Amino acid sequence: MRHKSVSYSKYGYIFSLPFVFAFLVFALYPTLYTAFIGFTDMKGVIPKPVQIMDNPFQNFIDLIVDNPSFRKSLVNTAVIWVVNFVPQIVLALLLAAWFTNQRLKIRSQGAFKVLLYMPNIITASTIAVLFNALLAYPIGPLNSLFDMLGWSDSPINFMQDKTVTRSAVSFIQFWMWYGNTMIVLIAGIAGISPTLFESAAIDGANGFQTFFRITLPSLRTIMLFVLVTSMIGGLQMFDIPQLFHRVAGGPDDATLTASVFIYGQAFKGSYLYNRAAAASMILFVFAAILSAFLFYIMRDRDASKLKKEQKKINQAARTMAREV
Amino acid sequence: MNTIKETSALSLNINRTIIYILCIALSLLSILPFWIMFVNATRSTPEIQSGLSLLPSVHLMTNMNVLTSKSFDPIRGFINSLMVSGFATALAVYFSTLTAYALVAYNWKWRQPFFTFILAVMMIPAQASAIGFYKFMYQLHWTNSFMPLILPAIASPAIVFFMRQYLLATLSVEMVEASRIDGAGEFFTFNRIVIPIMIPGIAVQAIFGFVASWNNLFMPLILLTQKDKFTLPIMVSLLKGDIYKTEYGSIYLGLSLTALPLFIIYFLLSKYIISGVALGGVKE
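Here the structure is a predicted model, which is why all the values come from computation and not from measurement.

When you go through chain B residue by residue, the secondary structure sums to 13 helices and zero strands. Listing each helix as α and each strand as β along chain B from the N terminus yields α-α-α-α-α-α-α-α-α-α-α-α-α. Here the C-alpha atoms of chain B give a radius of gyration of 25 Å, more than 25% beyond the 19 Å that 2.2 N^0.38 yields for 284 residues. Projected onto the principal axes, the alpha-carbon positions of chain B cover approximately 80 × 75 × 35 Å. Out of the 284 residues in chain B, the part that is buried amounts to 52%.

Another point: the nonpolar core. If you look at the biggest cluster of nonpolar residues, it comprises 182 residues, and the most contacted ones within it are L95(A), I127(A), F34(B), Y101(B), I131(B) and Y252(B). Among the elements that make up this core, the one with the highest residue count is helix α8 (residues 162-190) of chain A (14 residues). Not counting residues within four places of it along the chain, the set of residues in contact with Y252(B) comprises L130(A), A133(A), L134(A), P141(A), M37(B), N40(B), A41(B) and I48(B).

Moving on, we get to the pattern of salt bridges. Residues and elements named next belong to chain A. The final tally for this structure, using the stated rule, is four salt bridges over all chains. Among the ionic pairs, D252 bridges to K162, the shortest N-O distance being 3.0 Å. Taken together, the residues D252 in the loop between α12 (239-244) and α13 (258-267) and K162 in helix α8 connect sequence positions 90 residues apart. Residue classification places K162 among the partly exposed positions, given a relative accessible area of 39%. Here the salt bridges do not stand alone but share partners, grouping K72, K162 and D252 into one network.

With 108 residues of chain B at the contact, the number on the chain A side is 104 residues. Taken together, the two surfaces of chain B and chain A that pack against each other cover about 9300 Å², and 76% of this comes from carbon and sulfur. The largest contributions to the chain B side of the interface with chain A come from M123(B), I131(B) and K240(B), which together make up 8% of the buried area. In this assembly, chain B and chain A are joined by zero salt bridges. Summed over the shared surface of chain B and chain A, the result is 18 residue pairs in polar contact (both at pLDDT 80 or more). Tallied by class, the residues present in the side of chain B that touches chain A amount to 74 nonpolar, 22 polar and 12 charged.

Criteria and thresholds
- Residues numbered from 1 in each chain as written.
- Chains lettered and ligands numbered in written order.
- Predicted model: local features only at pLDDT ≥ 70, side-chain atom pairs only at ≥ 80, totals over all residues.
- Heavy atoms only, no water.
- Helix = DSSP H or I, 4+ residues; strand = E, 2+ residues; numbered from the N terminus.
- Rg over C-alpha atoms; globule rule 2.2 N^0.38 Å.
- Buried < 20%, exposed > 50% of the residue type's maximum accessible area, 1.4 Å probe, protein only.
- Core = buried A, V, L, I, M, F, W, Y, C linked by side-chain atoms within 4.5 Å.
- Contact = heavy atoms within 4.5 Å.
- Salt bridge = Lys/Arg side-chain N within 4 Å of Asp/Glu carboxyl O.
- Buried area = accessible area lost by both parts, 1.4 Å probe.
- Polar contact = N/O pair within 3.5 Å; in protein donor to acceptor, adjacent residues only side chain to side chain.
- Nonpolar A, V, L, I, M, F, W, Y, C, P; charged D, E, K, R; others polar.

Written out as structure tokens, the structure is:
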């Protein structure tokens, strides 16, 4: 009896083996290899012997100190993310509060959710090229619309304006993601104990008070989760800025994000794998810091409790086995 | 008292009206770009250049001929995307469920550290290892192969996380014990007892896994250079190039063709997708 209960635990190892193997080969090794390339002089299409730089950190120093393009890409990533996220979270919160408000009783919520979430599921590459076509100059759908509404006298070349293109990329990100954030927040509000809302109603709290004193504080963890996952996603922003302009980066590199920079360094022109790898590692450090933060938000609070419980059960089982 | 009630009812109605108007405006904002895309796919380039229209025209076949006469091959792209996403999704959900089962059903020494590890690596972006991954695949002569796009799906930490949560809620020890008493092996029990009860969870993760893989641009763009291997997102990137410069009708048609399968999937499964998104947020 005792022998058998021990023998099952080996399946834990056996069944996790494929995951561990695939992770080591396709995730861990490439990450370490990327870090290694960051310290070398690897460049060019034709493979040749690779050497570690005289100063191993030369690529990193070059990027941070001497490369305005890279710095610009980091700033762009941050600016585009912030301009997309602030209106996104505000609108999502508003909609979530309205949809869950018992007094308002908004109808056909299901249909609204389906429609507002829709852009999120469509291929980002398709959306990028679609918006490029919609903003076409001199004749394009948006220019026609502006003309029809009398907002502009002559066609506007949207794609040539730095602020406009950057805002457009932010807008597309916002438009693709606010529905997703809204649904997550609605689920979060649904998870708040209804007695809290009831007692607030009994105490005569109005809509604003309930929102700011009950809903918002109770959503703190979920909001933090939304914030951090959105930041990690924002760091990787690639499809939209890569395909929105005919030449990735747009006028004066206005929409050059960190991922677009990395792709451009490694797979265009001079094939500077080492510089791209160093930039990836800098990005990796940012993502790792954010992930560590997220990890603390999401860690299983009950896990330690469960573990104690499990130990007790095991002990009981063992004593029972001994008695048998 | 009555007047207070009336005014509050009135303000409630005003609020409601404003909210409905905003929601309808936002819905239109979601629909309109895609509507214009589908409509323009049926209009000729001169028609598109003459202004905006919300009604379809009759030039679908002309646009199709222009589109396919150049390097855009939607059927090839569709088959390639389907192969990559199909196999990647199948591997991802099967092995993630297996890993989650290992985490839930068995009591082994490394269980908790392994779960902590999965949580820790869940959000690491693919871009962080892309250069090393590309160089590694290049050395294996696996560029222009679908293998590097499919096999890494075996290790999908986020899906393992969801499957574990799902298993904790649905798996009963009695079921597993009963299967053991019947003399079934552990692997058999997993395939014949555990997988069937996991189907709802697997379906949700399969939809999201499939869509994520279908929409992926970064990795295929790096790895695939031969035209006959291109997935749909890479084909889309061809549409903005010089070859279609003035052929707006066929550009819109190409975009429509890449988006159409997703619209079909979405409207068939939107109920599950929306509830899946909601589930994703409430992770605790």
